[in-house]
Amino acid sequence: MTSLVTENRPHEFPIPAGASEEAVRWIEGIYGDGTIAKKGAFSREWTVDMAEDVYKAFHQALRYPRGAVGRGRRRFYVEIHPEQLRGFVDLVDHPWVRGVSEAVLGPDYQIVELGFDIPFPGALDQPWHRDFRMPDETKRTGRLTSLAFNLTAVDTVDAMGPFEIAPGTQFDQSDAFDHEMFPAKDLWPRYEERAVRKYPEMGDISARSALTIHHGTKNTSSEPRPVLVLGIDAPGAGNADHHDMAVTRAFYDALPERVRAHLSCPIVPELQQIEQKHDIEGLMMGDA
């Protein structure tokens, strides 16, 4: 049996002095189960606009080499620029998003990624995985340095292949993790026993540690299941290096100052189609 190391799990959660009761719950959730959520954060009308922008960006990305990358059979990931999402400011300036980001990552958190995943009909089970290698700081101290926020574009039902997450596994380590991201198959029972299948509805938002072990499941429906992804880092986490998000000067100048303060991307004269860097090779090695 593959050995597992979880000694870096912090004995006490890093709760800042003076944190509100709500902030404490958020921190306990991210460091405990590895995921938290807020129902009805956005209106259904707002979510319809989000879905339209996602589909527009997806069809545009398909015209370019590596505009979209595979995440398994009939699954794709596309990174986009903030200007491609009409509700970008609504999203990143939402009190829950700001509050969770500051509580978990500190007041100088950085917005580093905006994109979406789409599992289409026929998508199969992904292998259990985390989204990137565990950072050295997390290995040494147990501090989590990034968050992934997810927003569904549809009311999720079982046939669509819901997201499954294994709570409390964000600190799992093993020499047998392929690419330090994919647990060996003899560890899968650990994740299957803990698996919680998520059924978010339009307007809901969740936040999780991208290190918490998870996977997408089979989409046996006739509908795709797009999910918007917002990536936020603590200072120095380094995930911005894996992304090419950019903004134009006019867009940047129109942003509220408290959004500009957290935006970690270049200002460019003209936006270019993003060539996807965040390719998770193991998801293309064959579906479970």
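One can find the structure itself at the top, above this paragraph.
Residues numbered from 1 in each chain as written. Predicted model: local features only at pLDDT ≥ 70, side-chain atom pairs only at ≥ 80, totals over all residues. Heavy atoms only, no water.

**Remarks on helix α1 (residues 21-31)**
Worth spelling out the cut-off: A simple rule labels every residue: compare its accessible area, found with a 1.4 Å probe on the protein chains alone, to the largest value its type can have, and call it buried under 20%, exposed over 50%, or partly exposed in between. Numbered from the N terminus, helices here are DSSP runs of H or I no shorter than four residues, and strands are runs of E no shorter than two. For this analysis, residues touch if any pair of their heavy atoms sits within 4.5 Å.
Within the span of α1, buried status applies to A23, V24, W26, I27, G29, I30 and Y31. In this structure, the buried residues of α1 make contact with β1 (35-38), α4 (95-105), β5 (146-152) and β8 (205-208).

**Some remarks on helix α2 (residues 44-61)**
What counts here: To estimate the expected span of a helix, subtract one from its residue number and multiply by 1.5 Å. Throughout, the arc means that of the directions going from the helix axis to the C-beta atoms.
For α2, with 18 residues, the first-to-last C-alpha span of 25 Å sits near the 26 Å given by 1.5 Å per residue. Three or more residues of α2 are buried, namely W46, T47, M50, A51, D53, V54, A57, F58 and A61. Considered in projection along α2, the buried side chains sweep an arc of 165° and stay on one side of the axis. Opposite the packed face of α2, turned more than 90 degrees from it, sit the exposed residues E45 and K56.

**Points about the sheet that holds β5**
Either a parallel or an antiparallel arrangement is found when strands of a sheet pair, and the pairing is made through backbone hydrogen bonds. For the record, the criterion: Here, a strand pair is defined by DSSP locating no fewer than two bridges between the strands. Angles run from 0 to 180 degrees between N-to-C directions of axes, and those axes are lines fitted to C-alpha atoms, restricted for helices to the stretch in contact.
In space, the seven strands of this open sheet follow the order β1-β8-β5-β10-β4-β3-β2, with antiparallel pairing throughout. Both outer strands of the open sheet, β1 and β2 (69-70), are each paired with one neighbouring strand and no more. When β5 meets strand β10 (residues 227-233), the two strands line up antiparallel, connected through seven bridges. Looking at β10, one finds that L147 is bridged to I232. The strands touched by α2 within the sheet are β3 (75-79), β4 (110-119), β5 and β10, with β4 carrying the most contacts at an inclination of about 80°. Here α4 sits on the sheet and contacts β1, β5, β8 and β10; the angle it forms with β5, its principal contact strand, is near 160°.

**A few points about the sheet that holds strand β7 (residues 196-197)**
Ordered in space as β7-β6-β9, the three strands form an open sheet in which the pairing is antiparallel. Taken across any chain shown, the strands that pair with only one partner, and hence form the sheet edges, are β7 and β9 (214-216). Sheet topology places strand β6 (residues 163-165) next to β7; two bridges connect them, and they run antiparallel. Across the sheet, the residue bridging to E164 is R197, located in β7.

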